[in-house]
Amino acid sequence: MRLLSQGAEAEIYTIRFIGNKVAAKVRGRKKYRVEELDTELREGRTRREARCMERAHRAGVPVPRLVACSRFTLYFEILEGVVLKDLESIPEGVPREIGRVLAKLHDAGMIHGDFTTANLMLAENGLNIIDFGLSEITKSVEGRAIDLLLIKRSLGKGYPSLEQSYVKSCSEGDVVVSKLKEIEKRGRYQIRTIT
Ligand SMILES: Nc1ncnc2c1ncn2[C@@H]1O[C@H](COP(=O)(O)OP(=O)(O)O)[C@@H](O)[C@H]1O
Ligand SMILES: [Mg+2]
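Keep in mind it's a predicted model, so treat the numbers as computed, not measured.

Q: Before we go on, may I ask you to explain the coordination of the magnesium ion (ligand 2) in this structure?
A: Ideal geometry at a metal centre gives angles of 109.5 degrees when four donors are arranged tetrahedrally and 90 or 180 degrees when six donors are arranged octahedrally. In this structure, N119 (OD1) and D131 (OD) serve as the protein donors to the magnesium ion (ligand 2), at separations of 2.1 to 2.3 Å. With N119 in the loop between β7 (110-111) and β8 (120-123) and D131 in the loop between β9 (126-129) and β10 (136-137), the pair connects residues that are twelve residues apart, well separated along the chain. Its relative accessible area of 6% is what places N119 among the buried residues. Judged by relative accessible area, which is 24%, D131 ranks as partly exposed.

Q: I'm lost on the site of ligand 1 in this one. Help?
A: The environment of ligand 1 is made up of 17 residues, and the closest members are K25, E77, L79, N119 and D131. In this structure, K25 approaches ligand 1 through a side-chain N or O atom, which is 2.8 Å from an oxygen atom. Contact between ligand 1 and D131: an oxygen atom at 3.0 Å from a side-chain N or O atom of the residue. When the free accessible area of ligand 1 is taken as 550 Å², the share hidden by the protein chains comes to 82%. Comparing atom positions with the cavity grids shows ligand 1 to sit within the largest pocket. When contributions to the shell around ligand 1 are tallied by element, the ones reaching two or more residues are β1 (2-6) and β5 (73-77). Residue classes in the shell around ligand 1 are distributed as eleven nonpolar, three polar and three charged. Residue assignment places the shell around ligand 1 across two domains, with domain 1 (2-77) and domain 2 (81-186) each supplying three or more.

Q: How should the environment of R65 be read in this particular structure?
A: As for its position among the elements, R65 is in the loop between α1 (35-58) and β4 (66-69). Along the chain, R65 and M53 lie twelve residues apart, while their C-alpha atoms are 7.8 Å from each other. Here R65 is in contact with E54, H57, Y75, F76 and E77, once residues within four sequence places are set aside. Here the side chain of R65 touches H57 through a polar contact of 3.3 Å, side chain to side chain.

Q: I'm lost on the sheet that holds strand β2 (residues 11-17) in this one. Help?
A: Paired through their backbone hydrogen bonds, the strands of a sheet run either parallel or antiparallel. On the basis of which strands lie adjacent, the open sheet formed by five strands has the order β1-β2-β3-β5-β4 and antiparallel pairing. Single-partner strands in this sheet number two, and they are β1 and β4. The mean inter-strand angle of the sheet, taken between neighbouring strand axes irrespective of direction, is 30 degrees. Against the sheet, α1 makes contact with β3 (20-26), β4 and β5, and its axis sits at roughly 25 degrees relative to β5, the strand it touches most.

Q: Explanation requested: the side chain of E9 in the structure shown.
A: Note on placement: E9 falls in the loop between β1 and β2. There is a polar contact of 2.8 Å between the side chain of E9 and the side chain of R27.

Q: How should the sheet that holds strand β6 (residues 81-83) be read in this particular structure?
A: Strand order in this open sheet of three strands is β6-β8-β9, and the pairing throughout is antiparallel. The sheet is open, and its two borders are formed by β6 and β9, each paired with just one other strand. Going from strand to strand, the sheet's axes swing by 25 degrees on average, the running direction of each strand aside. Note: β6 against β8, three bridges, orientation antiparallel. Bridge pairing in β8 places G81 opposite A123.

Q: It is not clear to me how the pattern of salt bridges should be interpreted in this structure. Could you clarify?
A: Note that side chains of opposite charge can pair when their charged atoms are close. Applying the stated criterion across every chain yields a total of 18 salt bridges. With its nearest N and O atoms 3.2 Å apart, the salt bridge here joins R29 to D38. E142 is paired through a salt bridge with R186; the nearest N and O atoms lie 3.5 Å apart. Taken as a pair, E142 in helix α3 (residues 141-155) and R186 in helix α5 (residues 173-186) lie far apart in primary sequence, 44 residues in all.

Conventions adopted
- Residues numbered from 1 in each chain as written.
- Chains lettered and ligands numbered in written order.
- Predicted model: local features only at pLDDT ≥ 70, side-chain atom pairs only at ≥ 80, totals over all residues.
- Heavy atoms only, no water.
- Donors = N, O, S within 2.8 Å, 3.2 Å for Na, K, Ca; no water.
- Helix = DSSP H or I, 4+ residues; strand = E, 2+ residues; numbered from the N terminus.
- Buried < 20%, exposed > 50% of the residue type's maximum accessible area, 1.4 Å probe, protein only.
- Near = heavy atom within 4 Å.
- Polar contact = N/O pair within 3.5 Å; in protein donor to acceptor, adjacent residues only side chain to side chain.
- Areas by Shrake-Rupley, 256 points an atom, 1.4 Å probe, with all protein chains shown as cover.
- 1 Å grid on protein atoms, 1.4 Å probe; cavity = no way out; pocket = protein on both sides within 12 Å on 5 of 7 lines; lining within 4 Å.
- Sits in = over half its atoms within 2 Å of the grid points.
- Nonpolar A, V, L, I, M, F, W, Y, C, P; charged D, E, K, R; others polar.
- Domains from an automatic or database assignment.
- Contact = heavy atoms within 4.5 Å.
- Pairing = 2+ DSSP bridges.
- Axes fitted to C-alpha atoms, helices over the stretch in contact; angles between N-to-C directions.
- Salt bridge = Lys/Arg side-chain N within 4 Å of Asp/Glu carboxyl O.

Now the structure itself:
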């Protein structure tokens with residue numbers, strides 16, 4: 001068992017599972033939280049992440065394949081690739097691809113909830129969305145607009161072509177972009193932080 005990543009909310013290990021190397025995303029106990037709330041959060045987020053990964057996969061959104069799931073741990077396919085945030089520059093064509101996969105996710109009736117370059121991986125099969133821990137099954141236009149807002153802030157200059165391909169691929173893209181503009185005008189949106 002090797003530690004792949006130590007996040008604020010979970011640790012990811014590589015393990016052997018029925019002969020294959022897979023990732024185990026473990027939500028461990030957080031001592032600073034009241035135990036009851038802690039259990040509820042870890043269990044709820046694990047269940048939500050599993051459900052959303054499966055739903056996204058069924059809709060044709062590129063995500064790591066889920067292998068198994070227990071109360072506080074998800075087991076999924078390891079992608080050979082790199083997180084976009086770690087790249088010095090974003091390769092040509094990638095912003096357009098992000099727009100397309102986000103449109104597909106939203107059209108599948110869900111939002112990501114933490115849609116930044118830290119949660120997108122460029123792998124052998126192309127762009128993949130990871131980390132569904134804050135995802136929700138909802139058709140909320142505001143929720144969709146916040147996904148766009150987060151990627152706009154984290155991507156920077158590649159954003160216009162992302163938005164263009166999002167609007168082209170998404171059934172309600174125009175409505176979402178109008179909502180995004182409205183949120184930006186309000187100028188009060190605070191990025192959600194991990195509890
Ligand atoms: N399927 C995967 N294959 C390879 N590396 C992964 C995979 N999923 C996550 N990682 C690595 O682990 C890191 C944290 O994963 P993530 O699911 O975003 O957890 P956190 O909730 O801690 O942000 C990612 O930035 C990436 O480097
Ligand atoms: Mg993450």
